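The chain contents come next:
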Amino acid sequence: MTDVLTFLDALPQEIVITDPDIVASYSRDQSRFTDSAVPAAVLAPRTTAEVSACMAAAQRDSVVVIPRGAGSGLSGAANASAGSVVLSLHRMTAIREIDPVNRLAVVEPGVVTADLRARAAAEGLFYPPDPGSVAFSTVGGNVATNAGGMCCVKYGVTGDFVLGLEVVLADGRIMRTGRRTVKGVAGYDLTHLLVGSEGTLGVITEITVRLLPAPREAHTLVASFPTLESAGLAVSEIAASGSTPSMLEILDRTTVQAVDRMTKMGIGEDTAALVLVQSDDVDAASVLAGIEAVCSGVGAVEVVVSSDPTEAALLLEARRSALRALEALGDWLLDDVAVPRSRITDLIAFVESTAAELGLIIGVFGHAGDGNLHPTIIYDESDESSKAAAVAAFDAITRRALELGGTITGEHGVGRLKSSWLAVEHDETSMSVQRAVKAALDPAGILNPGVGGFAARA
């Protein structure tokens, strides 16, 4: 603790927060079953220079630093450890530039994602990344986790829109990566090495992102299916048809019923799965007409299509309500795995059998267009056997995703929640290269130790 106190005394006091109640509120993110502790202090720098001073002092005094965005993560990547300091970027909120000619924006890491999307829209432009936390998560946090969202099937994830970064390294040095041009291949791609690194390689202090022309108003389709297999077949045939909807989502029976109980939408207890599709193409009406034919051809009970924005919002309410509806059933543990699109129904069927075997409620919803699903395990926090069953289900689902040719995380990150799984997915050569990168950029191991499968500093 002496080192931490010495470290804090060397910093501008206006960026140091030591109030016990405030500091305690920065202990962890929104994850479950991850370790955390109250940090020694919170640092709230306002500029890149102040971030640099924090990191230089931390390296000198061997203080562990936990970079943090909005704390909305679900993998424990922003959880503090005893004696650490949390470096929060919440004061760095400037949208420095919107460039309509070059279609880019330059923002500080604390900018809320929805605010960037709104500013871009005001210029007739579009920033596509739309994680479920879009209204409160920050661009810096999205970059650190390479966040996804419902538009990924057509537009891709956050990293697909990052052109360049300003980053403070563990020793306080400031580095710029990337470019503002459309093309550029000079040197190693350090930008995308840092995207998704979860605060383990540096602290992001500025982001240059690519923007697109604003899309047309989307048309929406909702199809209900009597069996999981028919819904899966619809997803496979849509993917094989060559059309690229801007959204392709799926909800299983458990999630549909939870949503119906909460919203009183009258979806019907006979619905085994719900598939939701949007298209913002020029020919959106004909795209959805083709998808409607696919859904009807494989046995959809009901298909509703709308081009009216208000009606479309009502149709999408089921998907947007999914997590809230499942949360209402009890304590919850949200998984995040991705499998090939052709194996989506295999994974959902496995989840259903696992739920029955362990006596749990598990609802599945997610991005069918890219195979990224979110099995949500409902358990009782006050019951040790229920907690153990939840962990067993979580591990079984993660293992099954790998067996199906998938990955342990599609968009939430490894964090602390899945730190033991990284070496299961990656071979030892891959892990040794990743450890070498970590050692090169953070030789003292002070940046977010323990995150991403890398051992905490001794």
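This is a predicted model, so every value here is computed, not measured.

On to the environment of Gln278. By the element assignment, Gln278 lies in strand β14 (residues 273–279). Using a relative accessible area of 13% as the deciding quantity, one classes Gln278 as buried. In the structure, Gln278 is positioned 31 residues away from Met247 in sequence and 4.9 Å away in space, judged by C-alpha atoms. If we ignore the near neighbours within four places in the chain, the residues touching Gln278 are Ala218, His219, Thr220, Pro245, Ser246, Met247 and Leu316. At 2.9 Å, the side chain of Gln278 and the side chain of Thr220 are in polar contact.

With 14 residues, helix α3 (residues 48–61) extends 20 Å from end C-alpha to end C-alpha; this agrees with the ideal 20 Å at 1.5 Å per step. Listing the buried residues of α3 in full gives Thr48, Glu50, Val51, Ser52, Cys54, Met55, Ala57, Ala58 and Asp61. One or two steps after α3, the chain reaches Ser62, where phi turns positive at roughly 55°.

The five strands are arranged β5-β6-β10-β8-β9 in an open sheet whose pairing can be described as antiparallel. The sheet is open, and its two borders are formed by β5 (95–99) and β9 (174–178), each paired with just one other strand. Neighbour to neighbour, the strand axes of the sheet diverge by 10° on average, direction disregarded. Across the sheet, α3 lies against β8 (162–168), β9 and β10 (203–210), angled at about 50° from β8, the strand it touches most. Helix α4 (residues 113–122) rests against β5, β6 (104–107) and β10 of the sheet, and its axis sits at about 35° to β5.

We now examine the packing of helix α8 (residues 228–240) against helix α10 (residues 284–297). The contact between α8 and α10 brings their axes to 9 Å, and the two run at 145°. As α8 packs across α10, the resulting crossing turns out to be right-handed. Packed against α8, whose contacting residues are Ala234, Glu237 and Ile238, the element α10 presents Ile291, Val294 and Cys295 at the interface.

To continue, consider the pairing of strand β18 (residues 361–367). The buried fraction of β18 is high, at six of seven residues. Here strand β13 (residues 247–252) pairs with β18 via two bridges, running antiparallel. Note on β18: the bridge partner recorded for Leu251 is Phe365. Examined bridge by bridge, β18 and strand β19 (residues 372–379) share seven bridges and lie antiparallel to one another. Residue pairing for β19: His367 is matched across the bridge by Asn372. Taken together, β18 and the strand that follows it, β19, pair antiparallel across an intervening segment of four residues, in which Gly371 is found at a positive phi of about 75°.

All right, on to the domain arrangement of the chain then. As assigned here, the chain comprises domain 1 (4–90), domain 2 (103–213), domain 3 (216–321) and domain 4 (330–413). For domain 1 and domain 4, the distance between their C-alpha centroids amounts to 32 Å. Contact with domain 1, which involves four residues of that partner, is made by eight residues of domain 4. Sorting the residues of domain 1 by area buried against domain 4 places Arg32, Phe33 and Leu74 first, and these three jointly supply 87% of that buried surface.

What follows concerns the side chain of His412. Relative to the helices and strands, His412 is located in the loop between α15 (384–403) and α16 (422–425). Excluding anything up to four places from it in sequence, His412 contacts Leu74, Ser75, Thr145, Leu334, Asp336 and His374.

Turning to the UniProt feature "domain: FAD-binding PCMH-type" (unreviewed entry) in the chain, a few remarks are in order. Per the UniProt record, "domain: FAD-binding PCMH-type" (unreviewed entry) is annotated on residues 35–214. Span residues 35–214 is 22% helix and 24% strand, its end C-alpha atoms 42 Å apart.

Scanning all chains against the criterion turns up three aromatic pairs. Plain terms: the ring middles of Tyr127 and Phe161 are 6.3 Å apart, the flat faces sit at 75° to each other, and that makes the pair edge-to-face. Here Tyr127, found in the loop between β7 (125–126) and α5 (139–145), pairs with Phe161, found in the loop between α6 (152–155) and β8; they are 34 residues apart in sequence, far enough to count as distant. This pair shows no difference in class: Tyr127 is buried, exactly as Phe161 is. Between the NZ or CZ atom of Arg32 and the centre of the ring of Trp332, over which it lies, the distance is 4.3 Å. Of note, Arg400 hangs over the ring of Phe350, and the distance from its end group to the ring centre comes to 6.0 Å.

A separate point is the pattern of salt bridges. Overall, the coordinates contain 21 salt bridges when judged by the stated rule. Among the salt bridges present, the one from Glu50 reaches Arg46, with a minimum N-O distance of 2.4 Å. Overall, Arg46 belongs to the partly exposed group, its relative accessible area being 34%. In this structure, the salt-bridge partner of Arg343 is Asp346, at a minimum N-O distance of 2.5 Å.

With that settled, the discussion passes to α8. For α8, spanning 13 residues, the distance from its first C-alpha to its last is 18 Å, which sits close to the expected 18 Å at 1.5 Å a residue. Burial in α8 covers these residues: Leu228, Ser230, Ala231, Gly232, Ala234, Val235 and Ile238. Residues of α8 that are buried make contact with β12 (219–225), β13, β14, α10 and α14 (344–358). Phi turns positive one or two residues past the end of α8, at Gly242, with a value near 95°.

This part takes up the pairing of β9. Here β8 pairs with β9 via five bridges, running antiparallel. Across the sheet, the residue bridging to Leu165 is Thr177, located in β9. In sequence, β8 turns back onto β9 through a hairpin of five residues, with Gly172 there showing a positive phi of about 95°.

Before going further, it helps to spend a moment on the sheet that holds strand β3 (residues 65–68). Strand order across the open sheet formed by four strands is β1-β2-β4-β3, with mixed pairing between neighbours. Of all the strands in the sheet, the pair left with one neighbour each is β1 (16–17) and β3. Note that strand β2 (residues 41–43) and strand β4 (residues 85–88) share three bridges and pair parallel. Each bridged residue has a counterpart across the sheet, and for Ala41 the counterpart in β4 is Val85. Along the sheet, α3 makes contact with β2, β3 and β4, crossing β4 at roughly 160°.

Scoring rules and cut-offs
- Residues numbered from 1 in each chain as written.
- Predicted model: local features only at pLDDT ≥ 70, side-chain atom pairs only at ≥ 80, totals over all residues.
- Heavy atoms only, no water.
- Helix = DSSP H or I, 4+ residues; strand = E, 2+ residues; numbered from the N terminus.
- Buried < 20%, exposed > 50% of the residue type's maximum accessible area, 1.4 Å probe, protein only.
- Contact = heavy atoms within 4.5 Å.
- Polar contact = N/O pair within 3.5 Å; in protein donor to acceptor, adjacent residues only side chain to side chain.
- Expected span 1.5 Å × (residues − 1).
- Pairing = 2+ DSSP bridges.
- Axes fitted to C-alpha atoms, helices over the stretch in contact; angles between N-to-C directions.
- Left-handed = near helix turned anticlockwise from the far one by under 90°.
- Domains from an automatic or database assignment.
- Buried area = accessible area lost by both parts, 1.4 Å probe.
- UniProt positions renumbered as here; feature names shortened; annotations may be inferred.
- Phe/Tyr/Trp six-rings, centres within 6.5 Å; stacked < 30°, edge-to-face > 60°.
- Lys NZ or Arg CZ within 6 Å of the ring centre and 35° of its normal.
- Salt bridge = Lys/Arg side-chain N within 4 Å of Asp/Glu carboxyl O.

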